[in-house]
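Notes for the structure review
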Amino acid sequence: VQLQASGGGLVQAGGSLRLSCAASGRAFSEYAMGWFREAPGKEREFVTGVNWGGRDTRYADSVKGRFTISRDNAKSTVYLDMNSLKPEDTAVYSCALEPVNFLSDYCKNIEYNYWGQGTQVTVSS
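Calculation criteria
- Residues numbered from 1 in each chain as written.
- Predicted model: local features only at pLDDT ≥ 70, side-chain atom pairs only at ≥ 80, totals over all residues.
- Heavy atoms only, no water.
- Helix = DSSP H or I, 4+ residues; strand = E, 2+ residues; numbered from the N terminus.
- Rg over C-alpha atoms; globule rule 2.2 N^0.38 Å.
- Buried < 20%, exposed > 50% of the residue type's maximum accessible area, 1.4 Å probe, protein only.
- Contact = heavy atoms within 4.5 Å.
- Areas by Shrake-Rupley, 256 points an atom, 1.4 Å probe, with all protein chains shown as cover.
- Lys, Arg positive; Asp, Glu negative; His and termini not counted.
- Charge placed at Lys NZ, Arg CZ, Asp CG, Glu CD.
- Disulfide = S-S within 2.5 Å.
- Core = buried A, V, L, I, M, F, W, Y, C linked by side-chain atoms within 4.5 Å.

**Structural notes on the overall build of the chain**
When helices and strands are counted, the chain shows zero helices and 11 strands. Shown N-terminal to C-terminal, the secondary structure of the chain runs as helices and strands in the order β-β-β-β-β-β-β-β-β-β-β. For the chain, whose C-alpha radius of gyration is 13 Å, the value lies close to the compact-globule estimate of 14 Å for 125 residues. Referenced to the eigenvectors of the C-alpha coordinate spread, the extents of the chain come out at roughly 45 × 25 × 25 Å. The 125 residues of the chain split such that 41% are buried. A fraction of 58% describes how many contacts in the chain between residues 6 or more apart in sequence connect residues 24 or more apart. Surface exposure of the chain reaches about 6500 Å², of which carbon and sulfur atoms provide 45%. Across the chain, the centroid of the 13 positively charged side chains sits 3 Å from that of the 13 negatively charged ones.

**A word on the state of the cysteines**
Across all of its chains, the model carries one disulfide by this definition. Linked covalently through their sulfurs, Cys21 and Cys95 form a disulfide whose S-S length is 2.0 Å. On the sign convention where negative is left-handed, the bridge of Cys21 and Cys95, at about 70° about the S-S bond, is right-handed. With Cys21 in strand β3 (residues 17-24) and Cys95 in strand β9 (residues 91-98), this residue pair connects regions lying 74 residues apart in the sequence. Judged by relative accessible area, Cys21 falls into the buried class, the value being 1%. Residue Cys95 is classed as buried on the basis of its relative accessible area, which comes to 1%. Its sulfur unpaired, Cys107 is 17 Å from the next cysteine sulfur, which belongs to Cys95. Here Cys107 falls in the partly exposed class, since its relative accessible area comes to 38%.

**Here's the deal with the nonpolar core**
Membership of the largest hydrophobic core comes to 35 residues, with the highest contact counts inside it found for Met33, Trp35, Phe67, Leu80, Met82 and Tyr93. Looking at this core, the elements with two or more residues in it are β1 (2-6), β3, β4 (32-38), β5 (45-50), β7 (67-72), β8 (77-82), β9 and β11 (119-124). Here this core gets five residues from one element, more than from any other, and that element is β9. Other than its neighbours up to four places away in sequence, Met82 contacts Gly15, Ser16, Leu17, Leu19, Arg66, Phe67, Tyr93 and Val121.

**As for the environment of Trp35**
Tracing the backbone shows Trp35 in strand β4. Judged by its relative accessible area of 0%, Trp35 falls in the buried class. On a C-alpha basis, the gap between Trp35 and Glu111 in space is 12 Å, while along the polypeptide they are 76 residues apart.

As structure tokens, this is what we get:
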């Protein structure tokens, strides 16, 4: 399966962006998805995750209330709506997939077997 993330760019602090992650190739009957980010000099960190049905979501404390994950299974696409962006949100954002209905812990990198290329998000102050 291939995951293609898009929608990144340069935005001023307080602005918004919508990232998309489209899955293609091998078809799974159901899959959980996650977004992670990696800033220069820092380890990759969990941002948010969602189950197949879209109702079970998890967020990192740093993005709660500002970011929203959603999905359109008919389009094999997961979205990340980012509002009230801060300079510390600057990072490469990557999506990940695991072919299960839900994960016991969306935060762990090792839970996901499929990863896409990232998209750069830069927030200027």
